[in-house]
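One letter stands for each residue in the lines below.
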Amino acid sequence: MSSLLRTLLLLIVMSLGLATTAPASTEMKRPEFIVKAADFPRIEAERGISGVWEKIRFRAGELPFLPVASVIFILAILHTFLAVPITKQAHRVQHDHDEKIGHEAEEAHERPEELKMVSFKATLLHFLGEVEAVFGIWALVLLVTMSCFFGVDSMRSYISHEVNFTEPMFVVVIMALASTRPILRFAESCLRFFARFGKETPAAWWLSILIIAPILGSFITEPGAMTIAAMLLARKFYPLKPRPVFAYGTLGLLFVNISVGGVLTNFAAPPVLMVANKWNLSSLYMFQHYGDKALLAILVSALAYYFYFRKDLREMASQVPDRDGDGIADWTQREDGVPVFVTLVHLLFMLLTVVFAHDPALFIGGYLFFLAFTMATRHHQNPISLRGPVLVGFFLGGLVVHGGLQGWWLQPIISSLTEWPLYLGATVLTSFNDNAAITFLASQVDGLSPALKYAVLAGAISGGGLTVIANAPNPAGQAILARFFGDGVSPMKLLLAALIPTLIVMAFFMGMPDRNDHKPSTEPTQPTSSVQPSH
């Protein structure tokens, strides 16, 4: 029954993906506000509007819906900061409810289980405290508002033809694949090779996961690397109950290193992918201009945190891993091996998913075949849980719905900045809007010099670990590791934990001179796949 449910869920997701990527119907025109917003630069040029704030005021006056959409987006961001307090309140409400039911049961001389009911208020608060649900909740508010301004047809047209849900769907599939038992055992075996140099102590595993796994992101994509790294940290590190400051430090370092580790190639990091074709960024170019700095930043950041927390890691070496004790067999508790052919097939499905990452019909269809294979080899598998991947996909889906309406104020700011302000601006803006959106909007600005292109891309990469919404893989990591942070991950504590490695990344990307002997050509190459912007 559970397998049938999983299949039905995937079919629903696939149908939604095909609907959003299908050619636009001749009966459904582009929303009027989208057409008008696209004409802003021409109107501004004709009227001589040149200042950044003048452009923003003009655009807000022409389309009042746009500032309203940005206010809704800001409220969604603020909601993420309130998620932890809301979750704590939900726990208090549930506790009071349970006590009330218990007293009523005692007075009635009945067992509490016979009278116990679900607390609607507590359940609602739990839902509002789910970080993964925040942007979806406010996306609903946005769509209702859009319908009030322009009508239901315009809202349908925006969702169906202006927003690309390929990236959220890809993250759902790659997370589900990367979290399977054969893939995790294979990844653990690979990282064990490096951990053995440190006698497989907690420190050795910690360094291996936070240095090697992010670099693998350049080949298996950042969402895949994030899933594997987070699952291994959940196996090797967090069960040892690190101090809160160390727990947050590790999470912040993970987010930053994953954001940086995917830039050795031109297809693995979302912000790079958004501009790779238009700016003609080959994998060779990315490695020559970003790869060396990325590798040094990852190494220095990990070593800096290692030396600061080395006492904690030594104390952990004497502890026994605390198994979850839930009675569910997972890859950490089962010692039986996985046949080589099963692992190879899993790796093949991951490879095919990466290759067809921009074609939902292919990678979702491939995942359905993968589910059939897991059923045939279920004695070597663990139950596949889609709750985490689907929640992360929901988070990213809501984010791209909001992000597609933020270009009206982002584009004038980006186009007005010089190299250093552009780099710092891209780094800061990335914290409040997915870094892929930042680079995509920059790619729409004509006449950017190679130095400015470098600055905006480097800034988007540098700021990708500061918040959960800064980089597409971050929600995946939070979804896997949130259970080790009590009532949830605090956005402010995460920001502080990621600040030092972010500053280290900034020092390398802007402190080391860029080699300009391999500038990308001004003319883009013919794309090898149908890459579409996420926002």
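Quick caveat: nothing in here was measured; it's all calculated off a predicted structure.

(A) Quick look at the overall build of the protein. Across its full length, the protein carries 26 helices and zero strands. Split into buried and exposed, the 535 residues of the protein put 54% on the buried side. Taking contacts inside the protein between residues at least 6 apart in sequence as the whole, the part at least 24 apart equals 83%. For the protein, the computed accessible surface area is about 24100 Å², with 66% contributed by carbon and sulfur atoms.

(B) Structural detail: the packing of helix 12 (residues 202–220) against helix 16 (residues 283–308). The N-to-C vectors of helix 12 and helix 16 enclose an angle of 160°; their axes lie 10 Å apart at closest approach. The pairing of helix 12 with helix 16 is recorded here as roughly antiparallel in orientation. In the crossing of helix 12 with helix 16, the sense of the turn from one axis to the other is right-handed. Contacts between helix 12 and helix 16 pair A203, W206, L207, L210, I211, P214 and I215 from the former with L295, I298, L299, A302, L303, Y305 and Y306 from the latter.

(C) How the structure looks around the packing of helix 13 (residues 222–236) against helix 14 (residues 244–261). In the contact formed by helix 13 and helix 14, the axes pass within 10 Å of each other and the chain directions differ by 155°. With respect to their mutual orientation, helix 13 and helix 14 come out roughly antiparallel. Seen along the crossing, helix 13 lies across helix 14 with a hand that is right-handed. Side by side, helix 13 and helix 14 meet where E222, A225, M226, A229 and L233 of the first sit next to T250, L254, F255, I258 and S259 of the second. In terms of residue class, the contact of helix 13 with helix 14 is built from seven nonpolar, two polar and one charged.

(D) Inspection of a nonpolar patch on the surface at higher detail. Together, L348, L351, L352, V355, F356 and L362 make up a nonpolar patch on the protein surface, roughly 520 Å² of accessible area in all. Counting residues per element, the nonpolar patch draws most heavily on helix 18 (residues 340–355), which supplies four residues. Structurally, V355 is set in helix 18.

(E) Expanded view of the confidence of the model for the protein. Averaged over all residues, the pLDDT of the protein equals 84, while 85% of them reach at least 70. Element-level mean pLDDT values for the protein span from 46 in helix 1 (residues 2–21) up to 96 in helix 14. Confidence over residues 10–26 falls short of pLDDT 50; this stretch has 23 contacts with residues more than four positions distant or in other chains. Segment residues 521–535: pLDDT under 50, and 33 contacts once partners within four positions in sequence are set aside and those in other chains are kept.

(F) Spotlight on the nonpolar core. Residues Y290, L481 and F509 are the most contacted members of the largest nonpolar core, which totals 152 residues. In this structure F509 touches V260, Y290, K293, A294, Y423, Y454, A458, I461 and S462, once residues within four positions along its chain are discounted. Core analysis: the second largest hydrophobic core is formed by five residues, I86, A90, V93 and L125 among them.

(G) Summary view of the pattern of salt bridges. Taken as a whole and judged by the stated rule, the model has 14 salt bridges. Ionic pairing is found between R30 and E162, a salt bridge with its closest N-O pair at 2.8 Å. Here R30 is found in the loop between helix 1 and helix 2 (32–38), whereas its partner E162 is found in helix 9 (residues 152–162), with 132 residues between them in sequence. You can call R30 partly exposed: its relative accessible area is 48%. Residues E188 and R235 are paired through a salt bridge, measuring 3.8 Å at the closest nitrogen-oxygen approach. One end of the pair, E188, is in helix 11 (residues 181–195); the other, R235, is in helix 13, and 47 residues separate them in sequence. The burial state of E188 is the same as that of R235; both residues are buried. Overlapping salt bridges, with partners in common, bring together E188, R192, R196, E200, R235 and K236 in one network.

(H) Inspection of helix 18 at higher detail. Spanning 16 residues, helix 18 covers 22 Å between terminal C-alpha atoms, matching the ideal 22 Å at 1.5 Å per step. Turning to helix 18, its buried residues are V342, T343, H346, F349, M350, T353 and V354. Along the axis of helix 18, the buried residues cluster in a sector spanning 140°; they form a single face. Facing away from the buried side of helix 18 by more than 90 degrees, the exposed set consists of V340, L344 and V355. Looking at the buried positions of helix 18, the neighbouring elements they touch are helix 10 (166–178), helix 11, helix 12 and helix 19 (360–376).

(I) Expanded view of the side chain of D312. Mapped onto the fold, D312 is located in helix 17 (residues 310–316). Taking the relative accessible area as the measure of exposure, D312 reaches 12% and is therefore buried. Setting aside chain neighbours within four positions, we find D312 in contact with R243 and F246.

The rules behind the values
- Residues numbered from 1 in each chain as written.
- Predicted model: local features only at pLDDT ≥ 70, side-chain atom pairs only at ≥ 80, totals over all residues.
- Heavy atoms only, no water.
- Helix = DSSP H or I, 4+ residues; strand = E, 2+ residues; numbered from the N terminus.
- Buried < 20%, exposed > 50% of the residue type's maximum accessible area, 1.4 Å probe, protein only.
- Contact = heavy atoms within 4.5 Å.
- Areas by Shrake-Rupley, 256 points an atom, 1.4 Å probe, with all protein chains shown as cover.
- Axes fitted to C-alpha atoms, helices over the stretch in contact; angles between N-to-C directions.
- Parallel < 35°, antiparallel > 145°, perpendicular 65-115°, else oblique.
- Left-handed = near helix turned anticlockwise from the far one by under 90°.
- Nonpolar A, V, L, I, M, F, W, Y, C, P; charged D, E, K, R; others polar.
- Patch = residues over 30% accessible without salt bridge, like charges linked within 9 Å, V, L, I, M, F, W, Y side chains within 5 Å.
- Salt bridge = Lys/Arg side-chain N within 4 Å of Asp/Glu carboxyl O.
- pLDDT = per-residue confidence, 0-100.
- Core = buried A, V, L, I, M, F, W, Y, C linked by side-chain atoms within 4.5 Å.
- Expected span 1.5 Å × (residues − 1).
- Arc of directions from axis to C-beta.

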